[in-house]
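This is what each chain is made of:
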Amino acid sequence: RAAPSPKMMENTVFMSFAFYSTILILKMYVIAIITGQVRLRKKAFANPEDALRNGGLQYYRDDPDVERNLLSLSRAHRNDMENIFPFLFLGAVYSLLDPSPAVARIHFFIFCVGRIVHTIAYLLRLKAPTRSVAYGVAQLPCFSMALQILLATTPYW
C-alpha cells in the first residue's frame with residue numbers, strides 16, 4: 001500500500017477535496033452498475049454478445065421500460081460528466097490556493113450533496129424544481145472556486 005506523501009497529508013483542504021471527489025466518482029460508478037442491472041433484470045440487451053452470454057439471442061431486444069429507465073440513467077451520467085469533471089479541476093486548483101479549510105470543506109460538501117440530490121431527482125423522477133435547484137446549488141461553489149482561481153492567477157496572465 002502506497003503511503004500518501006507527508007506534504008499532501010498536511011494539506012487538509014486537498015484531503016477534504018480528495019474525500020468528496022472520491023464520493024462523487026463512486027456515485028458515478030453506481031450509476032454505471034445500475035445501468036447494467038436494469039438490462040440484466042429485464043433481460044433486454046443492446047448487444048448480441050451480451051444476450052448470448054445471458055440466455056440467448058432472443059434477449060437481444062428493445063424493451064420500452066428498459067429504454068425509458070436507461071434514458072434517465074444516461075442523462076444523469078452525462079450530466080455528472082458535464083459537472084463533476086470541471087469540479088475535479090476547479091477543486092484541485094482551488095486546494096492549491098491555501099483557502100480556509102472550513103470554507104473549502106463547505107464548498108466541497110455543497111457540491112457533493114447537490115450532485116447526489118440531482119442524481120436522486122433524476123432516478124426517482126422527483127417533481128420539478130428539485131433537480132434544477134440541486135443543479136443550481138451545486139454550481140454555486142464551482143462558480144466561487146473559479147472566481148477565486150481567476151483572482152489568484154490574474155497577475156500571471
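Report follows, based on the coordinates. These numbers come from a predicted model, not from an experiment. (Residues numbered from 1 in each chain as written. Predicted model: local features only at pLDDT ≥ 70, side-chain atom pairs only at ≥ 80, totals over all residues. Heavy atoms only, no water.)

## Here's the deal with helix α5 (residues 101–124)
What counts, and what does not: Numbering of helices and strands runs from the N terminus; a helix is a DSSP stretch of H or I covering at least four residues, while a strand is a stretch of E covering at least two. To estimate the expected span of a helix, subtract one from its residue number and multiply by 1.5 Å. Each residue is placed in one exposure class: buried if its accessible area under a 1.4 Å probe, protein chains only, is under 20% of its type's maximum, exposed if it is over 50%, and partly exposed if it falls in between. Throughout, a contact is declared for two residues whenever any of their heavy atoms are within 4.5 Å.
Spanning 24 residues, α5 covers 34 Å between terminal C-alpha atoms, matching the ideal 34 Å at 1.5 Å per step. Residues A104, H107, F108, F111, C112, G114, R115, H118, T119, A121 and Y122 constitute the buried set of α5. The elements touched by buried residues of α5 are α2 (12–42), α4 (64–95) and α6 (130–153). At the C-terminal side of α5, R125 shows a positive phi close to 50°.

## Side note on α4
Which entries qualify depends on this criterion: At every residue, the bend is computed as the angle between two fitted axes, covering the seven residues ending there and the seven beginning there respectively. For the purposes of these results, a polar contact is taken to be a pair of N or O atoms within 3.5 Å, where, inside protein, one atom must be able to donate a hydrogen and its partner to accept one; residues adjacent in sequence count only when each atom of the pair is a side-chain atom.
In this model α4 runs 45 Å from its N-terminal to its C-terminal C-alpha over 32 residues, within 8% of the 46 Å that 1.5 Å per residue would give. Considering bend angle alone, the principal kink of α4 is centred on M81 and spans about 25°. Sitting at the amino-terminal end of α4 is D63, which places a side-chain oxygen 2.9 Å from the backbone nitrogen of D65.

## Observations regarding the packing of α5 against α6
To be explicit about the condition: The axes used here are C-alpha line fits, helices contributing only the stretch in contact, and every angle between their N-to-C directions lies in the interval 0 to 180 degrees. For classification, angles of less than 35 degrees are called roughly parallel, those exceeding 145 degrees roughly antiparallel, those between 65 and 115 degrees roughly perpendicular, and all remaining angles oblique. Crossing handedness is read from the near helix: turned anticlockwise from the far helix by less than a right angle, it gives a left-handed crossing, and turned clockwise, a right-handed one. For this classification, the nonpolar set comprises Ala, Val, Leu, Ile, Met, Phe, Trp, Tyr, Cys and Pro, the charged set comprises Asp, Glu, Lys and Arg, and every other residue, Gly included, is treated as polar.
Where α5 contacts α6, the axes come no closer than 8 Å and their chain directions differ by 155°. By the angle between their axes, α5 is roughly antiparallel relative to α6. Judged by the twist between their axes, the crossing of α5 over α6 is left-handed. Taking contact as the criterion, the partners of H107, F108, I110, F111, G114, R115, V117, H118, A121 and Y122 in α5 are, on α6, T130, R131, A134, Y135, V137, A138, Q139, P141, C142, S144, M145 and Q148. Tallied by class, residues from the contact of α5 with α6 come to 13 nonpolar, 7 polar and 2 charged.

## A word on the nonpolar core
Our working rule: We define a nonpolar core as any set of buried Ala, Val, Leu, Ile, Met, Phe, Trp, Tyr and Cys residues linked to one another through side-chain atoms lying within 4.5 Å.
L24, F87, Y94, F108, F111, C142 and M145 are the most contacted members of the largest nonpolar core, which totals 17 residues. Elements represented by at least two residues in this core include exactly α2, α4, α5 and α6. Counting residues per element, this core draws most heavily on α2, at 5 residues. Those residues in contact with Y94 that lie beyond four places of it in its chain are P99, V103, A104, H107, F108, M145, Q148 and I149. I31, V38, A44 and V66 belong to the second-largest nonpolar core, a separate cluster that totals 6 residues.

## Details of the environment of L26
Mapping L26 onto the fold places it in helix α2. Each C-alpha atom, one on L26 and one on L40, is 21 Å from the other, the two residues being 14 residues apart in sequence.

## Describing a nonpolar patch on the surface
Selection criterion: Patch membership requires over 30% relative accessible area and the absence of a salt bridge. Like charges are linked within 9 Å, and nonpolar side chains (Val, Leu, Ile, Met, Phe, Trp, Tyr) within 5 Å. Each accessible area value is a Shrake-Rupley result obtained with a 1.4 Å probe; residue values ignore everything except the protein chains displayed when judging cover. A side-chain nitrogen of Lys or Arg and a carboxyl oxygen of Asp or Glu constitute a salt bridge if their distance falls within 4 Å.
Together, I106, F109, I110, V113, V117, V133 and V137 give the surface a local cluster of nonpolar side chains, amounting to about 530 Å² of exposed area. Where the nonpolar patch is concerned, the elements lending two or more residues are α5 and α6. Broken down by element, the residue count for the nonpolar patch peaks at 5 residues, all from α5. Tracing the chain through its elements places V117 in helix α5. We classify V117 as partly exposed; its relative accessible area is 32%.

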